[in-house]
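For reference, the chains in residue letters:
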Amino acid sequence: MNLENNSNEVNLEENRKKYYPRLFRKFIFLTVLCSLVPLLIVGWGINFHYTSLSKERVMTLLKTYVEHHRKIIELFLSEHSSKLQLIAHSHSIEYLRQVPNLNEIFEIINKDNWSVTDIGLIDDSGAHIAYVGPYDLMKKNYSKTLWFKEVMSKGLYISDMFTGFRNEPHFIIAVTRTENNKKWILRATINPEVFRSLVENVSIGKTGEVYLLNKDGIFQTTPRFHGKIMEKASFPIEPIHEGIRVRVIEKDSYNPSNSRQIVCETWLDTPKWLLVVKQSYKEAFYAVNHANYATLIFLHVSAITILIVAIFITKHMITVIQNRDKEADQLNKQLMQAGKLASIGELSAGVAHEINTPLAIILTERQLMIDCASIHPISDPDFLEQFNDSMNQIDVQIHRCKRITQNLLRFSRRTKSVLETIDINHFIREVIELMEREARTNGIKFFAELDNKILSVVSDPSQLQQVFLNIITNAIDAHDEKPYGSIRIKTEEDKIREGVIMLFTDTGSGIPQELIDKIFDPFFTTKPVGKGTGLGLSICYSTMKNLGGSISVSSELGKGTTITLFIPYKPPKELAKDMAASN
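So, how was this worked out
- Residue positions are counted from 1 within each chain, in the order its sequence is given.
- Only residues with pLDDT of 70 or above have their local features reported here, since the model is predicted, and side-chain atom pairs are shown and tallied only from 80 upward, although totals for entire chains, interfaces and linings are computed over all residues.
- Working from all heavy atoms in the structure, the side-chain values ignore hydrogens and water.
- What counts as a helix is a DSSP run of H or I of at least four residues, what counts as a strand is a run of E of at least two, and both are numbered from the N terminus.
- For every residue, the accessible area (1.4 Å probe, protein chains only) is compared with the maximum for its type, and the residue is labelled buried under 20%, exposed over 50%, or partly exposed between those bounds.
- Surface patches are drawn from residues lacking salt bridges whose relative accessible area is over 30%; two like charges belong together within 9 Å, two nonpolar side chains (Val, Leu, Ile, Met, Phe, Trp, Tyr) within 5 Å.
- In this description, accessible areas are obtained by the Shrake-Rupley approach with a 1.4 Å probe, and a residue is regarded as covered only by the protein chains that are shown.
- By convention in these notes, a salt bridge is any Lys or Arg side-chain nitrogen within 4 Å of a carboxyl oxygen on Asp or Glu.
- None of His or the chain ends enter the tally, which takes Lys and Arg as positive and Asp and Glu as negative.
- By convention, charge coordinates are those of NZ in Lys, CZ in Arg, CG in Asp, or CD in Glu.
- Contact definition: two residues touch when any of their heavy atoms are within 4.5 Å.
- Strands are treated as partners if at least two bridges between them are detected by DSSP.
- Only the contacting stretch of a helix is used when fitting its axis, a line to C-alpha atoms as for every element, and angles between N-to-C directions run 0 to 180 degrees.

Peer 1: Account for unusual backbone geometry, with residues named and values stated.
Peer 2: Between Thr270 and the following residue, Pro271, the backbone shows a cis peptide bond with an omega angle of -5 degrees. Here Asn181, not a glycine, exhibits a phi torsion of approximately 65 degrees, which is positive. Inspection of the secondary structure puts Asn181 in the loop between strand S4 (171–179) and strand S5 (182–190). Since its relative accessible area comes to 78%, Asn181 is described here as exposed. Phi is positive for Met230, which is not a glycine, with a value near 70 degrees. Summarising the element assignment, Met230 is placed in the loop between strand S6 (209–213) and strand S7 (244–249).

Peer 1: Before we move on, could you go through a positive patch on the surface and cite the residues and values that matter?
Peer 2: Residues Lys18, Arg22, Arg25 and Lys26 make up a contiguous surface patch of positive charge. Among the structural elements, Lys26 can be located in helix H1 (residues 2–33).

Peer 1: So what's going on with the side chain of Asn110? Which residues, and what values?
Peer 2: For Asn110, the location among the structural elements is in the loop between helix H4 (99–109) and strand S1 (116–123). Ignoring any residue separated from it by four or fewer positions in sequence, one finds Asn110 in contact with Ser115 and Val116.

Peer 1: Could you give an account of the sheet that holds S7, naming the residues involved and the relevant values?
Peer 2: One open sheet holds the four strands; their spatial order is S6-S9-S8-S7, and the pairing between them is antiparallel. The two strands at the open ends of the sheet, each matched to only one other strand, are S6 and S7. Taken over all neighbouring pairs, the strand axes of this sheet differ in orientation by 20 degrees on average, direction set aside. Bridge count for S6 against strand S9 (residues 274–280) is five bridges, and the pairing is antiparallel. For Glu209, the partnering residue across the bridge sits in S9 and is Lys278.

Peer 1: So what's going on with the sheet that holds S4? Which residues, and what values?
Peer 2: If you walk across this open sheet you meet the five strands as S2-S1-S5-S4-S3, and the pairing is antiparallel. Looking at which strands have only one partner, the edges of the open sheet turn out to be strand S2 (128–132) and strand S3 (156–158). Sheet twist, expressed as the mean angle between neighbouring strand axes with direction ignored, is 15 degrees. Taken together, the three bridges between S3 and S4 define a ladder with antiparallel strand orientation. Note on S4: the bridge partner recorded for Leu156 is Val175.

Peer 1: Talk me through the pairing of S5; I want residue IDs and the actual numbers.
Peer 2: Taken across its nine residues, S5 has seven buried, putting it largely inside the fold. Relative to S5, S1 runs antiparallel, the two sharing seven bridges. Its bridge partner lying in S5, Gly120 is registered against Arg187. In this structure, the hairpin formed by S4 and S5 is closed by a connection of two residues, where Asn180 is found at a positive phi of approximately 55 degrees.

So, in structure tokens, the structure goes:
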């Protein structure tokens, strides 16, 4: 029979060696035959892709320019605001009202570039206390101006462009400080030409322009091609929004060429100014015109790519099929092994029944001997003591054998499946007693940490015992490469879920992390070939789920594994109904 099986396996292997090359050639033929339509689709896709890519690249570049420039402008304003705040909070009003001191600070601010036109110290009535600059503003009172009211309420204010007392466009940055219960203001005027050069310092081709608008649509800088500072723009202003928005204007009355324009806009945080960057659509997307040429090149590349990809994909598919065939063969072998296990279970049940008969006879003979001793008393006290000890020992060993046979019957599922009230601590001690000898021969010790406060559970003892036996057996097998080890069993109460938590912790070889998610799969095993069927933990998983509990695993390679069981105090209603119906 073995020779016949080996011959069949050899023939099957030879047929598969011929089958896989034929399958490979068929896949390649069909793929190449159907490549014309994909090639046309790829050609169209490349054209579309390059067109979209070029536009997206230009848009991204424009957004990058705008975002970068917005940060530069905000940094400029923030830097000057911080300088004024630092000066106001590090110097007293008595120090700053001295014109030489204020002039020294003015020169320090303008050390790198002449960004500040003048600087003034103003009291809470709007009058100048001290002033440094080219204008005669000492007698001016600002109590009625908008910027004075804003800075007095906010503490820091950056104004829009206005003409003011000097009758020319400018904007100011002002901060307040409270000293001796009185507020005073430090005010600086930003040089409009320096600020304009900062705003317009963006290179975006021949047709690009950059400018700022306030919330009312008033130019805060002079555009490159149209408009003037402090004039109102003729086009509508976008509402305040977050981020950067890009739009296309088909016709722009301010554009001399009257062509399409790309407009990129973003709002500054403080003050609320709209940064606008414009460029001719034709100039921005000049590179798109070259996309068609690139399409021709990529069409030829695509033809070669399709062939290469077809070869690799086909090889991969053939490899997958080969692996699936090998897995199917392995599953067949494991099913045969499962059948052998079932036979072993039947044999265990038969052995248990056969043992019960002589045990009953031994128990009867013991009782006869005790009865004879009671009728004919033994006169020798030493012999009587030995006789009683022997009878007691026989009784102890008979009950032990009965427990073993009961466990064998439960293991083989010959006992009736019923719901019983179970003392988990007592139940696990019985299982330990059953497995202790096998563990001891492998140099493994049991350690039980059982919580005496946990309540009894209502469950199926035969199924629970099978779960415990499978877990302990796996824990013992995990010590194959170690001369000694331990299995620690711990019970504790889970008040939230109303049940018992059991922890089985071994000091075995552990499980790799990449295999943790697979250990409950049927026929999956980490044991060597011939030592495991891969059914134990799968059965445990389905059993615990059926009993309303759960099972989980945590492991560290080389250090050991912990299996956690949750057993509810009461079984699921469905299980109770099913068992009641079967009984």
